[in-house]
Amino acid sequence: MQDTATLAGLNFELSEEQLAARDAARDFAQNVLKPGVIDRDREQRFPAEEIKQLGELGFLGMMVDPKYGGGGMDTISYVLVMEELSKVDASASVVVSVNNSLVCYGLENYGTEEQKQKYLVPLAKGEKIGAFCLSEPEAGSDATSQRTTAIDMGDHYLLNGTKNWITNGGTASTYLVIAQTDAAKGHKGINCLIVEKGMPGFVVGAKEDKLGIRGSDTHTLMFQDVKVPKENRIGEDGFGFTFAMKTLSGGRIGIASQALGIASGAYELALAYSKERKAFGKAISEHQAIAFKLADMATEIEAARLLCLKAAWLKDQHLNYDQASAMAKVFASEVAMKTTVEAVQIHGGYGFVKEYHVERLMRDAKITQIYEGTSEVQRIVISRGVLKG
Ligand code: CAA
């Protein structure tokens, strides 16, 4: 782990560009996302129009080089934007996270120039949406055990298998699919292929009916003898697992920031409510039982924010951030779960009904402990780093 004090000089000041990105996201979240968020959650409706607008504002490819149609912003800005969007609508913010840090990042850093022109540019401009397809019915955490196969047929791969719980599964146009080419080589026999919607044999299956992030579009995907051209492989033969790990390291900063936003959104609602609601002759915030809950929430959220920003800063400095992003994700997602439960508690009976938002935030928080590596997987990554010294 890098020593922040030495490397950053502990400068916590945000630049004008970073503040402008945060303020634009805050404005969008409060004015555009908030009005329909309860209905979209209830109806499991993808925020299609809202995502289109986020694309037009440049948020879907915000870290991509402007020469590929992106916003050219840094990872610190990304954390700030993810927090603001997630305070209000985690179903929308996961689209921003997956598109930016799994799909665009992967293509920009490891794709060929042709792949970038063909696939990255429309994704970065928000004209198309991407999906990252690693999880399978029997391979989630144990990601090297891929059952999906990509058999080398000379000028193309023949792709067969099933992917589960794929975010943007129905709405995406471009899919990064991880598959096993040579099982004898273990993780060195895995490739990542760019698959387009509409390729013969590629079927979008059932949409999941979920506990949280119900506005996001999560599907099973089936591939049956899909012919994927050789030029759609990312990197050298056998690079797919390393590609997935490197890409997920940055993805975890996105999900950590999503968890941070869910927590801070719930905290802000609980704080405001506690000042209004009276019990035993005074605002409930003046009762120590509630004031101490708010104190713990504020402290833990601040710690989560610092971990997210540190991981982002390391990435922006091109230093190793594998452990830092795992720490940010495991901590922020646990803070999100704890904070949202307390926010419901502070709201009492009102917290249990949809109108007050906190019950949705509590349901949304849970997935941040599961996707892009469960809390248990993050602890594997962290402990391996710790033990290596
Ligand atoms: N960067 C580069 N290489 C890496 C790496 C990294 N961050 N992490 C591991 N590797 C390399 C290792 O060095 C090793 O290579 P060598 O053998 O050449 O040294 C190889 O990858 C295998 O690594 P491990 O031996 O550590 O593999 P493992 O089987 O023990 O698994 C794991 C490690 C951390 C548990 C990994 O499997 C993992 O991260 N699993 C979770 C996967 C995950 O996050 N799934 C979420 C699905 S995606 C999603 O949710 C998207 C969405 O839609 C929201």
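Because the structure is a prediction, the values reported are computed rather than measured.

Parameters and conventions
- Residues numbered from 1 in each chain as written.
- Predicted model: local features only at pLDDT ≥ 70, side-chain atom pairs only at ≥ 80, totals over all residues.
- Heavy atoms only, no water.
- Helix = DSSP H or I, 4+ residues; strand = E, 2+ residues; numbered from the N terminus.
- Rg over C-alpha atoms; globule rule 2.2 N^0.38 Å.
- Buried < 20%, exposed > 50% of the residue type's maximum accessible area, 1.4 Å probe, protein only.
- Contact = heavy atoms within 4.5 Å.
- Areas by Shrake-Rupley, 256 points an atom, 1.4 Å probe, with all protein chains shown as cover.
- Lys, Arg positive; Asp, Glu negative; His and termini not counted.
- Charge placed at Lys NZ, Arg CZ, Asp CG, Glu CD.
- Salt bridge = Lys/Arg side-chain N within 4 Å of Asp/Glu carboxyl O.
- Polar contact = N/O pair within 3.5 Å; in protein donor to acceptor, adjacent residues only side chain to side chain.
- Phe/Tyr/Trp six-rings, centres within 6.5 Å; stacked < 30°, edge-to-face > 60°.
- Lys NZ or Arg CZ within 6 Å of the ring centre and 35° of its normal.
- Axes fitted to C-alpha atoms, helices over the stretch in contact; angles between N-to-C directions.
- Parallel < 35°, antiparallel > 145°, perpendicular 65-115°, else oblique.
- Left-handed = near helix turned anticlockwise from the far one by under 90°.
- Nonpolar A, V, L, I, M, F, W, Y, C, P; charged D, E, K, R; others polar.
- Expected span 1.5 Å × (residues − 1).
- Bend = angle between axes of the 7 residues up to and from the residue.
- Pairing = 2+ DSSP bridges.
- Near = heavy atom within 4 Å.

Asker: Could you clarify how one ought to interpret the overall build of the chain in this entry?
Answerer: The secondary structure content of the chain amounts to 12 helices and 9 strands. Since a compact globule built from 389 residues should have a radius of gyration of about 21 Å, the 21 Å found for the chain is in line with a globular shape. Per-residue burial over the chain gives 55% buried out of 389 residues. Excluding contacts between residues fewer than 6 apart, the proportion of contacts in the chain whose partners are at least 24 apart in sequence is 74%. As presented, the chain carries roughly 16600 Å² of accessible surface, and 54% of it is formed by carbon and sulfur atoms. The average position of the 43 basic charges and that of the 50 acidic charges among the side chains of the chain differ by 3 Å.

Asker: I keep staring at the side chain of Lys210 and nothing clicks. Help me out?
Answerer: One can find Lys210 in the loop between β6 (202-207) and β7 (218-229). Buried within the structure, Lys210 lacks any salt-bridge partner; Asp217 is the closest side chain of opposite charge, at an N-O distance of 7.1 Å. In this structure the side chain of Lys210 is engaged in a polar contact, spanning 2.9 Å, whose partner is the backbone oxygen of Ser216. Side-chain polar atoms of Lys210 contact the side chain of Thr218, separated by 3.0 Å. Those residues in contact with Lys210 that lie beyond four places of it in its chain are Gln44, Ser216 and Thr218.

Asker: Quick question: what am I supposed to make of the packing of aromatic side chains here?
Answerer: To describe a pair of aromatic rings, you give the distance between the ring centres and the angle between the ring planes. Taken as a whole, this structure holds 8 aromatic pairs when the rule is applied. On the basis of an interplanar angle of 85° and a centroid distance of 4.8 Å, the ring pair of Tyr175 and Phe202 is categorised as edge-to-face. Placement of Tyr175 in strand β4 (residues 174-180) and of Phe202 in strand β6 is noted, with a sequence separation of 27 residues between them. An identical accessibility class is assigned to Tyr175 and Phe202; each is buried. Chaining the aromatic ring pairs together yields one cluster made of Tyr105, Tyr110, Phe239 and Phe243. A cation over a ring is seen here: Lys230 above Tyr157, with NZ or CZ 5.3 Å from the ring centre.

Asker: When you look at the packing of helix α10 (residues 322-347) against helix α12 (residues 375-388) in this model, what are you seeing that I'm missing?
Answerer: Helix packing geometry: the angle between the two helix axes and the distance between the axes. Where α10 meets α12, the closest approach of the two axes is 9 Å, and the angle between their N-to-C directions is 140°. Taken as axis vectors, α10 and α12 run oblique relative to one another. Of the two possible hands of crossing, α10 and α12 adopt the one that is left-handed. When α10 is examined against α12, the residues Asp322, Gln323, Ala326, Met327, Lys329, Val330, Ser333 and Glu334 are found in contact with a partner set consisting of Ser375, Gln378, Arg379, Val381, Ile382, Gly385 and Val386. Partitioned by chemical class, the residues of the contact of α10 with α12 number 6 nonpolar, 5 polar and 4 charged.

Asker: Mind showing me how you'd approach helix α8 (residues 240-276) here?
Answerer: Along its 37 residues, α8 runs 53 Å from first to last C-alpha, staying within 8% of the 54 Å computed at 1.5 Å per residue. At Ser249, α8 shows its strongest bend, of approximately 30°. By the criterion of burial, α8 is predominantly enclosed, with 28 of the 37 residues buried.

Asker: When you look at the environment of Ile346 in this model, what are you seeing that I'm missing?
Answerer: Residue position: Ile346 is located in helix α10. Look at Ile346 and you get buried, because its relative accessible area is 4%. Once the C-alpha coordinates of Ile346 and Glu359 are considered, the two residues, 13 residues apart in sequence, prove to be 12 Å apart. Not counting residues up to four positions away in its chain, the partners in contact with Ile346 are Ala270, Tyr273, Ser274, Ile284, Ile290, Lys293, Leu294 and Met297.

Asker: Teacher, can you tell me more about helix α5 (residues 75-88) here?
Answerer: Residue pairs spaced three or four apart in an α-helix point in one direction, given the helix's 3.6 residues per turn. End to end, α5 covers 21 Å across 14 residues, agreeing with the expected 20 Å (1.5 Å per residue, within 8%). Burial of α5 is extensive: 14 of the 14 residues sit out of reach of the surface.

Asker: Please clarify how the pairing of strand β1 (residues 130-133) should be interpreted in this entry.
Answerer: A regular strand places its side chains so that they alternate between the two faces of the sheet. Burial along β1 is two-sided: Gly130 and Phe132 facing one way and Ala131 and Cys133 facing the other are all buried. Relative to β4, β1 is paired through 4 bridges, and the arrangement is parallel. Counterpart to Cys133 in the pairing with β4 is Val177.

Asker: Would you explain the site of the ligand in this entry?
Answerer: Looking at the ligand, there are 25 residues lining it, with Ser141, Thr167, Arg252, Glu372 and Arg384 nearest. Between Lys188 and the ligand, the recorded distance is 3.5 Å, taken from a side-chain N or O atom to an oxygen atom. Gly373 is positioned such that a nitrogen or oxygen atom in its backbone is 3.0 Å from an oxygen atom of the ligand. When the free accessible area of the ligand is taken as 1100 Å², the share hidden by the protein chains comes to 73%. Broken down by secondary-structure element, the contributors of at least two residues to the shell around the ligand are α6 (90-110), α8 and α12. Per-element tally for the shell around the ligand: the top contributor is α8, with 7 residues. When its residues are assigned to classes, the shell around the ligand shows 10 nonpolar, 9 polar and 6 charged.

Asker: Even after reading the chapter, I still don't get the pattern of salt bridges, so can you show me in this structure?
Answerer: For side chains bearing opposite charge, pairing can occur when the charged atoms are close. In the structure shown here, the tally under the stated rule is 24 salt bridges. With a closest N to O distance of 3.1 Å, Glu84 and Arg26 form a salt bridge. Residue Glu84 is found in helix α5, and its partner Arg26 is found in helix α2 (residues 16-33); the two are separated by 58 residues along the sequence. Classification of Glu84 by relative accessible area gives buried; the value is 3%. Ionic contacts of the salt-bridge type, sharing partners, join the residues Arg26, Glu84, Lys87 and Glu268 into one network.

Spatial relationships are all this shows, so hold off on functional conclusions.
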